[in-house]
Amino acid sequence: MNTMKDFIIEFLDAQLGRVLLVLALVWTGWSLSSNWARPLPKELTEAKVQPVEVELDTSAKLQDDKEVYFVSGGPDPYIAARLFVFVPEKVITQFRPVELDIPTVSVKRPPQLLPDPGPSLEGAEKLPRFGDEFAPPSAADIAPPVKAPK
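Right, let's walk through the structure included here. (Residues numbered from 1 in each chain as written. Predicted model: local features only at pLDDT ≥ 70, side-chain atom pairs only at ≥ 80, totals over all residues. Heavy atoms only, no water.)

**A closer look at the overall build of the protein**
Item 1. Scanning the protein from N- to C-terminus turns up three helices and two strands.
Item 2. When the helices and strands of the protein are read in sequence order from the N terminus, they spell out α-α-β-α-β.
Item 3. Residues counted as buried form 1% of the 150 residues belonging to the protein.
Item 4. Sequence separation of 24 or more characterises 21% of the internal contacts of the protein that already satisfy a separation of 6 or more.
Item 5. Accessible surface, the protein: about 15500 Å² in total, of which carbon and sulfur atoms supply 64%. (Helix = DSSP H or I, 4+ residues; strand = E, 2+ residues; numbered from the N terminus. Buried < 20%, exposed > 50% of the residue type's maximum accessible area, 1.4 Å probe, protein only. Contact = heavy atoms within 4.5 Å. Areas by Shrake-Rupley, 256 points an atom, 1.4 Å probe, with all protein chains shown as cover.)

Quick look at the structure:
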């Protein structure tokens with residue numbers, strides 16, 4: 001005798017793939033319909049454009065202010081509305097050539113090898129350098145410095 005429980009188990013065993021497919025399609029349809037693109041509200045898309053009017057507060061300016069302000073462009077846009085727009089005067093610096101010296105072509109020798117962990121690079125100035133263990137070169141071995149043509 002088949003009970004209702006056996007019938008449901010046999011039905012799910014035979015039709016489980018189809019039942020899961022139907023559930024997946026229903027879930028996909030519901031998620032698409034709930035997340036469908038909606039237009040923005042009219043308060044955001046059709047906002048009124050209001051003119052910006054700023055009054056100059058003369059009490060906020062410094063009393064010993066040496067800056068001079070000029071209106072940028074012509075005065076036509078400022079006559080119709082009561083706007084006070086000031087632009088500081090632009091000071092353009094002309095190019096002045098600077099004579100540069102040629103730097104020396106000497107490279108500082110690296111510090112000698114030390115056991116781990118060794119000092120940090122910031123403290124390496126006081127360490128002996130490679131070549132310090134040899135006698136210093138004679139004056140005849142050092143080439144005279146070359147002067148740059150002017």
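**Topic: the layout of surface pockets**
If a probe the size of a water molecule is rolled over the atoms, the empty space left behind becomes visible.
Item 1. By volume, the largest pocket is sized at about 310 Å³.
Item 2. In this structure, the largest pocket is lined by Glu99, Leu100, Asp101, Ile102, Thr104, Pro145, Val146, Lys147, Ala148, Pro149 and Lys150.
Item 3. Tallied by class, residues from the lining of the largest pocket come to six nonpolar, one polar and four charged. (1 Å grid on protein atoms, 1.4 Å probe; cavity = no way out; pocket = protein on both sides within 12 Å on 5 of 7 lines; lining within 4 Å. Points joined across faces, edges and corners; volume = space filled by probe spheres on them. Nonpolar A, V, L, I, M, F, W, Y, C, P; charged D, E, K, R; others polar.)

**Brief notes about the packing of aromatic side chains**
Item 1. Counted by the stated rule, this structure contains one aromatic pair.
Item 2. The interplanar angle of 50 degrees and the centroid separation of 5.7 Å between the aromatic rings of Trp27 and Trp30 together place this pair among those described as tilted. Here Trp30 and Trp27 lie together in helix 1 (residues 4–34), a separation of three residues that amounts to about one turn. With respect to burial, Trp27 and Trp30 carry one shared label: exposed. (Phe/Tyr/Trp six-rings, centres within 6.5 Å; stacked < 30°, edge-to-face > 60°.)

**Considerations on the environment of Lys147**
Item 1. Tracing the backbone through its elements, the reader meets Lys147 in the segment after strand 2 (87–88).
Item 2. Given a relative accessible area of 76%, Lys147 falls into the exposed group.
Item 3. Through-space distance from the C-alpha of Lys147 to that of Ile102 is 8.9 Å; in sequence the pair is 45 residues apart.

**Some remarks on a nonpolar patch on the surface**
Item 1. A cluster of nonpolar side chains, contributed by Met4, Phe7, Ile8, Phe11, Leu12, Leu16, Leu20 and Leu23, occupies part of the molecular surface with about 810 Å² of accessible area.
Item 2. Relative to the helices and strands, Ile8 is located in helix 1. (Patch = residues over 30% accessible without salt bridge, like charges linked within 9 Å, V, L, I, M, F, W, Y side chains within 5 Å. Salt bridge = Lys/Arg side-chain N within 4 Å of Asp/Glu carboxyl O.)

This is a description of form; function is not addressed.
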